[in-house]
Amino acid sequence: HLVCPMNTSPFVDPNKPSQEIWEEFSMSFTPAVRDVVDFAKGIPGFCDLPEHDQVSLLKAGTFEVLMVRFASLFNVVERTVTFLSGKRYSLDMLRSLGAGELLNSMCEFSEKLAVLGLNSDEMSFFTAVVLVSADRSGIQDLDSVEALQDKLIRGLRNLVMQNHGEESATTFTKLLLKLPELRSLNNMHSEELLSFKVHP
Ligand code: HEM
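This is a predicted model, so every value here is computed, not measured. Within each chain, residues carry numbers counting from 1 in the order of the written sequence. Whole-chain, interface and lining totals are the exception, using all residues; otherwise, since this is a predicted model, local features are given only for residues with pLDDT of at least 70 and side-chain atom pairs are given and counted only at 80 or more. Hydrogen atoms and water are omitted, and side-chain values are computed over all heavy atoms in the structure.

J.: Requested: an account of helix H7 (residues 168-198), with residues and values cited.
T.: Runs of H or I in DSSP of at least four residues are treated as helices and runs of E of at least two as strands, each being numbered from the N terminus. A helix is expected to reach a length of 1.5 Å times the quantity of its residues less one. Taking 1.5 Å per residue, 31 residues should reach 45 Å; H7 reaches 45 Å between its end C-alpha atoms and fits that length. A simple rule labels every residue: compare its accessible area, found with a 1.4 Å probe on the protein chains alone, to the largest value its type can have, and call it buried under 20%, exposed over 50%, or partly exposed in between. Ser168, Thr171, Phe172, Leu175, Lys178, Leu179, Leu182, Leu185, Asn186, His189 and Phe196 are the residues of H7 that are buried. A contact between two residues is defined here by any heavy atoms of the two lying within 4.5 Å. Residues of H7 that are buried make contact with helix H1 (18-41), helix H2 (51-69), helix H4 (101-115), helix H5 (120-132) and helix H6 (142-163).

Here you go:
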């Protein structure tokens with residue numbers, strides 16, 4: 001099985017060679033990854049960073065950006081996950097196919113993000129903040145990445161302050177607290193990915 005919603009379905013033909021399984025899976029998730037790259041290029045100031053740093057942030061942050069973007073695939077009320085093909089599977093089914101704690105944590109993350117009720121502009125700003133806040137190891141021009149992060153956080157804050165009335169300050173704080181949660185989901189997910197690569 002390949003229990004990742006970026007696939008078209010969790011079921012894998014047991015007779016298929018693992019290279020083919022990866023090729024089909026790649027075809028399914030590549031457009032989403034490409035959209036993240038295009039989105040990054042559209043963040044004012046991102047393309048002014050050294051190319052090496054653009055690549056580092058994208059490598060470290062793409063999963064986190066996709067997690068935010070595709071949070072709505074997780075439906076906590078109906079206890080289902082929609083895969084990129086549009087097919088829906090129940091959490092119980094995915095669990096029986098081998099999904100574990102990470103699936104629960106992602107559902108919980110998605111539910112809490114949805115409760116904040118961000119509009120699409122806020123969502124874009126938040127996603128931009130997520131990307132430039134990605135792991136900094138190996139970044140060459142830290143000052144520029146930090147300056148860009150500050151600018152985006154201020155932009156996000158201004159938007160949230162305009163739109164969320166009395167809840168503004170808490171909504172903004174909760175959004176910033178999502179950054180370490182995303183990091184932790186990213187780390188857990190990388191482990192799943194690695195162990196899948198080792199024993200597909
Ligand atoms: C699990 C790959 C992005 C959600 C996995 C697994 C692989 C994988 C190989 C292990 C499958 C298994 O052991 O059956 C990838 C790749 C991604 C990606 C290459 C890059 C685009 C995402 C995103 C999400 C996600 C953006 C969420 C929106 C999950 C979930 C699991 C999973 C829920 C199962 C976790 C569990 O076992 O509890 N992924 N994934 N993945 N992935 Fe992804």
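J.: Describe the site of the ligand, and please don't skip the residues or the numbers.
T.: Near the ligand, the surroundings consist of 23 residues, among which Val3, Cys4, Gly100, Leu103 and His189 are the closest. Residues adjacent in sequence count toward polar contacts only when both atoms are side-chain atoms; beyond that, a polar contact is any pair of N or O atoms within 3.5 Å, and within protein one must be able to donate a hydrogen and the other to accept it. Here Leu103 contributes a backbone N or O atom positioned 3.0 Å from an oxygen atom of the ligand. Cavity: a set of points on a 1 Å grid over the protein atoms alone where a 1.4 Å probe fits but cannot get out. Pocket: an open set with protein on both sides within 12 Å along at least five of seven lines, its lining residues, like those of a cavity, having an atom within 4 Å of a point. What decides whether a molecule sits in a cavity or pocket is whether more than half of its atoms lie within 2 Å of the grid points. Applying the majority rule of atoms within 2 Å of the grid points places the ligand in the largest pocket. Contributions of two or more residues to the shell around the ligand are made by H1, H2, H4 and H7. The dominant element in the shell around the ligand, judged by the number of residues it contributes, is H7, at 4 residues. In this count, Pro and Cys sit with the nonpolar residues alongside Ala, Val, Leu, Ile, Met, Phe, Trp and Tyr, while Asp, Glu, Lys and Arg are called charged and the others, Gly among them, polar. Residues that form the shell around the ligand fall into these classes: 19 nonpolar, 3 polar and 1 charged. It suffices for a single heavy atom of a residue to lie within 4 Å of a molecule or strand for the residue to be listed as near it.

J.: I'd like a rundown of the coordination of the iron atom of the ligand, residues and numbers included.
T.: In this listing, donors mean N, O and S atoms no farther than 2.8 Å from the metal, or 3.2 Å for Na, K and Ca; water is missing from the atoms, so a site can look incomplete. Of the protein atoms, only Cys4 (SG) and His189 (NE2) coordinate the iron atom of the ligand, at distances of 2.0 to 2.3 Å. A four-donor site is classed as tetrahedral when every donor-metal-donor angle falls between 85 and 135 degrees; four donors are called square planar, and six octahedral, when trans pairs exceed 155 degrees and all remaining angles lie between 65 and 115, with any other arrangement labelled irregular. With 6 donor atoms in place around the iron atom of the ligand and angles of 86 to 179° between them, the coordination shape is octahedral. A residue pair is termed long-range when its members are at least 10 positions apart, and Cys4 in the segment before H1 and His189 in helix H7 qualify at 185 residues. When its relative accessible area of 14% is taken as the criterion, Cys4 is described as buried.

J.: Tell me about the layout of surface pockets, and please be specific about residues and values.
T.: Grid points are joined across faces, edges and corners, and a volume is the space filled by probe spheres set on the points. One number sums up the size of the largest pocket: a volume of about 1000 Å³. In terms of lining residues, the largest pocket is bounded by 42 residues, among which Cys4, Phe25, Phe63, His189 and Leu193 are the most central. Elements with a contribution of two residues or more to the lining of the largest pocket: H1, H2, H4 and H7. Residue classes in the lining of the largest pocket are distributed as 30 nonpolar, 8 polar and 4 charged. In this structure, the second largest pocket encloses a volume near 170 Å³. Lining the second largest pocket are 13 residues, and of these Ala71, Ser72, Phe74, Ser110 and Ala114 sit closest to its centre. Going through the elements one at a time, H2, strand E1 (74-75) and H4 are the ones with two or more residues in the lining of the second largest pocket. It is H4 that provides the largest number of residues to the lining of the second largest pocket, a total of 4 residues. Tallied by class, the residues present in the lining of the second largest pocket amount to 8 nonpolar, 3 polar and 2 charged.

J.: I'd like to hear about the sheet that holds E1, residue by residue, with values.
T.: Here, strands pair whenever DSSP counts at least two bridges between them. Ordered by their spatial adjacency, 3 strands build an open sheet running E1-E2-E3, and the pairing between neighbours is antiparallel. The sheet terminates laterally at E1 and strand E3 (88-90), the two strands that pair on one side only. Of the pairings in the sheet, the one linking E1 to strand E2 (residues 80-82) comprises 2 bridges and is antiparallel in character. Bridge assignment links Phe74 to a residue of E2, and that residue is Val81.

J.: Requested: an account of the nonpolar core, with residues and values cited.
T.: To define a nonpolar core, start from buried Ala, Val, Leu, Ile, Met, Phe, Trp, Tyr and Cys residues and group those joined through side-chain atoms within 4.5 Å. Core analysis: the largest hydrophobic core is formed by 55 residues, its most contacted members being Phe46, Met67, Phe74, Phe126 and Leu175. Looking at this core, the elements that each hand over two or more residues are H1, H2, helix H3 (91-96), H4, H5, H6 and H7. In terms of residue count, the dominant contributor to this core is H2 (7 residues). Discounting chain neighbours no more than four positions away, the residues touching Met67 are Phe74, Met106, Phe109, Ser110, Leu182 and Leu185.

J.: Hey, could you go over the pattern of salt bridges for me, with residue numbers and the actual values?
T.: The salt bridge criterion pairs a side-chain nitrogen of Lys or Arg with a carboxyl oxygen of Asp or Glu, the two atoms within 4 Å. For the structure shown, the criterion picks out 7 salt bridges. Note that Glu64 and Arg183 form a salt bridge whose closest N and O atoms lie 3.2 Å from each other. With Glu64 in helix H2 and Arg183 in helix H7, this residue pair connects regions lying 119 residues apart in the sequence. Here Arg79 makes a salt bridge to Asp92, at a shortest N to O gap of 3.2 Å. Here Asp92 lies in helix H3 and Arg79 lies in the loop between E1 and E2, a separation of 13 residues in the sequence.

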